[in-house]
Amino acid sequence: MAISLTVISDTHLPKRAKALPPAVWAAVEAADVVVHAGDWVDVALLDELEERARRLVGVYGNNDHGPLRDRLPEVARVELEGLRLAVVHETGPAAGREARCAARFPDDDVLVFGHSHIPWDTTTGTGLRLLNPGSPTDRRRQPHGTWLTAVVDDGRLADVRLHPVLR
């Protein structure tokens, strides 16, 4: 049975925006699993995502403190339909990222990360897929904010789509 994913990171609420964009909330509510790769900033978003998402997998980021670090791990790992998914906030500089992540996550199929606010989708020489959804609320040098959706089916990640936040 296929599992739908919504993947977000670096929401920085309420510092960078007052709320998640409506299209992101719609994707959250439609997904079987929501993944958040850190930098929530305020625990209120964690509480709301726990209420609205069917299943939430999240980690804390470098801007998360107090109750967020108490409630979330630095690294999360789940198995979805045979797919081994890991989530972490920071992976270091873009140069050498594939080799570092392949060495650090040798038993995982997909690694979701955040921190840069820059979308990323590559596969290492070992077959580890690296995904960064960007940020739906703080686009930095990107043309718009972004988030990802994907489908897990029979142990494989499929239909990975980067969505722009259109205002």
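Structural data are supplied above this passage.
Notes on the structure in this doc start here. Since we're looking at a predicted model, the values are computed, not measured.

What counts as what
Residues numbered from 1 in each chain as written. Predicted model: local features only at pLDDT ≥ 70, side-chain atom pairs only at ≥ 80, totals over all residues. Heavy atoms only, no water. Salt bridge = Lys/Arg side-chain N within 4 Å of Asp/Glu carboxyl O. Helix = DSSP H or I, 4+ residues; strand = E, 2+ residues; numbered from the N terminus. Buried < 20%, exposed > 50% of the residue type's maximum accessible area, 1.4 Å probe, protein only. Arc of directions from axis to C-beta. Contact = heavy atoms within 4.5 Å. Polar contact = N/O pair within 3.5 Å; in protein donor to acceptor, adjacent residues only side chain to side chain. Core = buried A, V, L, I, M, F, W, Y, C linked by side-chain atoms within 4.5 Å. Pairing = 2+ DSSP bridges. Axes fitted to C-alpha atoms, helices over the stretch in contact; angles between N-to-C directions. Parallel < 35°, antiparallel > 145°, perpendicular 65-115°, else oblique. Nonpolar A, V, L, I, M, F, W, Y, C, P; charged D, E, K, R; others polar.

With respect to the pattern of salt bridges
Alright, step 1. As enumerated under the stated definition, the model contains 11 salt bridges in all.
Alright, step 2. A salt bridge links Arg84 to Asp109; the nearest nitrogen and oxygen atoms lie 2.7 Å apart. Within this pair, whereas Arg84 is found in strand S5 (residues 83-88), its partner Asp109 is found in the loop between helix H4 (97-104) and strand S6 (110-112), the two being separated by 25 residues in sequence.
Alright, step 3. Take Arg84: its relative accessible area is 35%, and that puts it in the partly exposed class.

Some words on helix H2 (residues 43-52)
Alright, step 1. The complete set of buried residues in H2 reads Leu45, Leu46 and Leu49. Seen end-on, H2 carries its buried residues on one side only, within an arc spanning 100 degrees.
Alright, step 2. Contacts made by the buried residues of H2 are with strand S1 (3-8), helix H1 (22-30), strand S2 (33-36), strand S3 (56-58) and helix H3 (67-71).
Alright, step 3. The N-terminus of H2 is capped by Asp42, whose side-chain oxygen sits 3.1 Å from the backbone nitrogen of Ala44.

A look at the nonpolar core
Alright, step 1. By size, the foremost hydrophobic cluster in this structure holds 21 residues, and its most contacted members are Leu5, Val35, Leu80, Leu85, Val87, Val112 and Leu157.
Alright, step 2. Elements supplying a minimum of two residues to this core: S1, S2, strand S4 (75-80), S5, S6 and strand S9 (146-153).
Alright, step 3. Here Leu80 is in contact with Ile3, Leu5, Val33, Arg55, Leu85 and Val152, once residues within four sequence places are set aside.
Alright, step 4. Membership of the second largest hydrophobic core comes to 20 residues, among which are Leu13, Ala17, Val24 and Trp40.

What about the sheet that holds S1?
Alright, step 1. If you trace the five strands from one edge of the open sheet to the other, you get S3-S2-S1-S9-S10, paired in mixed fashion. Every interior strand has two partners, whereas the edge strands, S3 and strand S10 (156-164), have only one. Direction aside, neighbouring strands of the sheet carry axes that sit 20 degrees apart on average.
Alright, step 2. The sheet contact formed by S1 and S9 spans five bridges and is antiparallel. The residue of S9 that forms the bridge with Val7 is Leu148.

Topic: the packing of H1 against H2
Axis angle and axis distance: for two packed helices, these are the angle between their axes and the distance between the axes, and together they describe the pair.
Alright, step 1. In contact at an axis separation of 9 Å, H1 and H2 are set at 45 degrees when each is read in the N-to-C sense. Classed by the angle they form, the pair H1 and H2 counts as oblique. Between H1 and H2, the contacting residues are Trp25, Val28 and Glu29 on the first element and Leu45, Glu48, Leu49 and Arg52 on the second.
Alright, step 2. Taken together, the residues that form the contact of H1 with H2 break down as four nonpolar, no polar and three charged.

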